[in-house]
Amino acid sequence: MTAPERPPAAYVHGIGAPVVIVPARVCAWLERHASLNEVRVENRGVDPEVDAVLVALRVAALTWRTSATGTPVAAKPEAATDLNQWLSTTQAADILYITDRAVRLAISDKRLPATSVNGRWRITREDVQHFAAAKAAQAA
């Protein structure tokens, strides 16, 4: 599919301070063939207006690429998980691939936040995920 031919003047708007309208397809072409993304990264912070325009070109290119190469059927959303769902120490241990005792030790060492409810520890799914991420960061 090719875009209709337009004269260069069709992309220039304004008199006192003219601006150029760049179609998203052209932004994607520039990003691919003129290394526009590299220019954006290398010159980041040099001029705020240039930064803003280069980011806008990047967003337009990504939007065009997504719409041009996307599928006609939307992807099914992931099942929503309630991050505030309470877990027992055994459930947390299963998720973390450690023992129940290791979970209780992490709680007592204050490395894993938990709440005592009727003498039993309860941990939010979010805290388990944070603990797993911290553990992975230490291993790396």
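Please refer to the structure higher up on the page.
Here's what I pulled together on the structure shown here. (Residues numbered from 1 in each chain as written. Predicted model: local features only at pLDDT ≥ 70, side-chain atom pairs only at ≥ 80, totals over all residues. Heavy atoms only, no water.)

A count of helices and strands for the chain gives six helices and five strands. For the chain, the α and β elements follow one another from N to C terminus as β-β-α-α-α-β-α-α-β-β-α. The buried share of the chain, taken over its 140 residues, is 17%. For the chain, the exposed surface amounts to about 10900 Å²; the carbon and sulfur share of it is 58%. (Helix = DSSP H or I, 4+ residues; strand = E, 2+ residues; numbered from the N terminus. Buried < 20%, exposed > 50% of the residue type's maximum accessible area, 1.4 Å probe, protein only. Areas by Shrake-Rupley, 256 points an atom, 1.4 Å probe, with all protein chains shown as cover.)

With eleven residues, the main nonpolar core is built from Leu87, Ala92, Ala93, Leu96, Val103, Ala106, Ile107, Leu112, Ile123, Val128 and Phe131. Of all the secondary-structure elements, those providing two or more residues to this core are helix H4 (89-96), helix H5 (100-108) and helix H6 (125-139). Leu87 has contacts with Ala92, Ile95, Trp121, Arg122, Ile123, Arg125 and Val128, leaving out every residue within four places of it along the chain. Of all hydrophobic cores here, the second largest spans six residues; its members include Ala28, Leu36, Leu57 and Ala61. (Core = buried A, V, L, I, M, F, W, Y, C linked by side-chain atoms within 4.5 Å. Contact = heavy atoms within 4.5 Å.)

Here helix H1 (residues 24-33) has its buried residues at Cys27, Ala28 and Glu31. The buried residues of H1 occupy one face: seen down the axis, they fall within an arc of 100°. Ser35 sits one or two residues past H1 and shows a positive phi near 50°. (Arc of directions from axis to C-beta.)

If you trace the three strands from one edge of the open sheet to the other, you get S3-S5-S4, paired in antiparallel fashion. Each of the sheet's edge strands pairs with one partner strand only, and the pair in question is strand S3 (86-87) and strand S4 (115-117). In this structure, S4 lies alongside strand S5 (residues 120-124), joined through three bridges in antiparallel fashion. Within the sheet, the bridge partner assigned to Val117 lies in S5 and is Arg120. Each of S3 and S5 touches H6; the most contacted strand, S5, lies at about 75° to it. (Pairing = 2+ DSSP bridges. Axes fitted to C-alpha atoms, helices over the stretch in contact; angles between N-to-C directions.)

Turning our eyes to something else, we now look at the pairing of S5. Sheet topology places S3 next to S5; two bridges connect them, and they run antiparallel. Among the inter-strand pairings, Trp86 is bridged to a residue of S5, identified as Thr124. In sequence, S4 turns back onto S5 through a hairpin of two residues, with Asn118 there showing a positive phi of about 50°.

Moving on to the pattern of salt bridges. Across all of its chains, the model carries three salt bridges by this definition. Across the pair Glu31 and Arg58 runs a salt bridge whose closest N-O atoms are separated by 3.0 Å. Separated by 27 residues along the polypeptide, Glu31 in helix H1 and Arg58 in helix H3 (residues 48-69) bring together distant segments of the chain. On the basis of relative accessibility, which here comes to 26%, the residue Arg58 falls in the partly exposed class. (Salt bridge = Lys/Arg side-chain N within 4 Å of Asp/Glu carboxyl O.)

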